[in-house]
Amino acid sequence: MGTVTIAAIVSGCGSEPAPQAKPPATADAAAAKQSKAARAAAAAKVKANELGQVPVLMYHRIIEKPATTDDRSPAQFRADLDRLARDGYVPVTAAEFVTGKMDIPAGKHPVVITFDDSSPSQLTLDETGQPKPDTAVAILREAAAKHPGFRPVATFYVTRDMFGKSVKEEQAQVLIWLKDNGFDIGNHTRDHLNLRGMAKSGVQEQIGAIAKEIGALAGIKPVTIALPYGNQPSTKEWAARGKLGAASYDHKGVFLAGYTPASSPFSRSFDPLGIPRIKAMDKKGDCAQFCSTAWLDWLKSNPDMRYTSDGDVTTVAFPKFKNPFLSTTHKPYALPY
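In this text, all values refer to a predicted model and were calculated from it rather than measured experimentally.

J.: What exactly am I supposed to notice about the pairing of strand S1 (residues 56-59) here?
T.: Remark: a regular strand shows side chains that alternate across the two faces of the sheet. Of the two faces of S1, the one carrying Val56 and Met58 and the one carrying Leu57 and Tyr59 are both buried. Where S1 and strand S3 (residues 109-116) come together, 4 bridges link them in parallel fashion. Across the sheet, residue Leu57 finds its bridge partner in S3, namely Ile113. Examined bridge by bridge, S1 and strand S10 (residues 278-279) share 2 bridges and lie parallel to one another. The residue of S10 that forms the bridge with Leu57 is Ile278.

Below you can see the structure in the form of structure tokens.
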């Protein structure tokens, strides 16, 4: 009798509702399957292909009168960015690319914009602490304002030249401004020496010294490195990981100066120790086939080869027939359709 009375009181008015029974596992599995099917359908609608190729563009100076084929004028750089925006590209940093954290809208394509040698033409701050007109950073911000959704981000590969600044406080100001405004800082070695054939100690000195300097000035630990002249040391891993005294460096990606788009970081063919970049240049001479304008034309003509996002950073979406090209590491995130 007492037991019945207690049960009646507990279940009476004013008490907390009894917890509902947990749905059977089969219901959970059915809901998950339905959700995955819906996401796959959404990916198919935008023709997502996150195993496709990504253009990594290599720039140097942005100057009014280009002196070498490595230079671009402000007008040329503006035209480059306009073309990228028209073709549906959204900039991501080198760090975001190598770690697979490319959070861009569905149907859009990532592009990695990189700058070598830390030239003043890439970023010089005025007396108010803002980028001077016609520097690379100012032009990137203009493009973002002109094209909604076009992220004003890039990766700057730094040497001891440090944007033309020799005073430590001024070097720190530029690096911290980049960090605070969403830009990415990478390692480009201290003295821009050719690492091919260099002893391990020399390689670690060149890479470790500038990494230590960047860390001391701005609290930044570079995620990636771009090798001078695109030349790898005799042991490729030396560029990725090493020590200099008590300090160490650990790069998740090593960028070269090659002539092709890069493999997706989710692809079996992705090699983090040798990621190719594309020289930013019009179709002239060798660049008629191997530089940015030519490759962007090719990717536009071959959309099935280009990385297209499904808009969800938690999945890797692609047509089912591409499943053999997915890296083993990323199989748990696969969303084939």
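J.: Sorry if this is basic, but what is going on with the confidence of the model for the chain here?
T.: Per-residue pLDDT for the chain averages 93, and the proportion of residues at 70 or more is 93%. Per-residue pLDDT stays below 50 along residues 1-20; that stretch engages in 1 contact with residues further than four places along the chain or on separate chains.

J.: What am I meant to see in the packing of aromatic side chains here?
T.: Counting across every chain of the model gives 12 aromatic pairs. Ring centres 6.5 Å apart and planes at 45° place the aromatic pair Phe97 and Phe255 in the tilted group. Highlighted residues: Phe97 in helix H4 (residues 94-98) and Phe255 in strand S9 (residues 253-255), separated in sequence by 158 residues. Phe255 shares its class with Phe97; the two are buried. Chaining the aromatic ring pairs together yields one cluster made of Tyr59, Phe77, Phe115, Phe156, Phe163, Trp177 and Phe183.

Rules of the game
- Residues numbered from 1 in each chain as written.
- Predicted model: local features only at pLDDT ≥ 70, side-chain atom pairs only at ≥ 80, totals over all residues.
- Heavy atoms only, no water.
- Buried < 20%, exposed > 50% of the residue type's maximum accessible area, 1.4 Å probe, protein only.
- Helix = DSSP H or I, 4+ residues; strand = E, 2+ residues; numbered from the N terminus.
- Pairing = 2+ DSSP bridges.
- pLDDT = per-residue confidence, 0-100.
- Contact = heavy atoms within 4.5 Å.
- Phe/Tyr/Trp six-rings, centres within 6.5 Å; stacked < 30°, edge-to-face > 60°.

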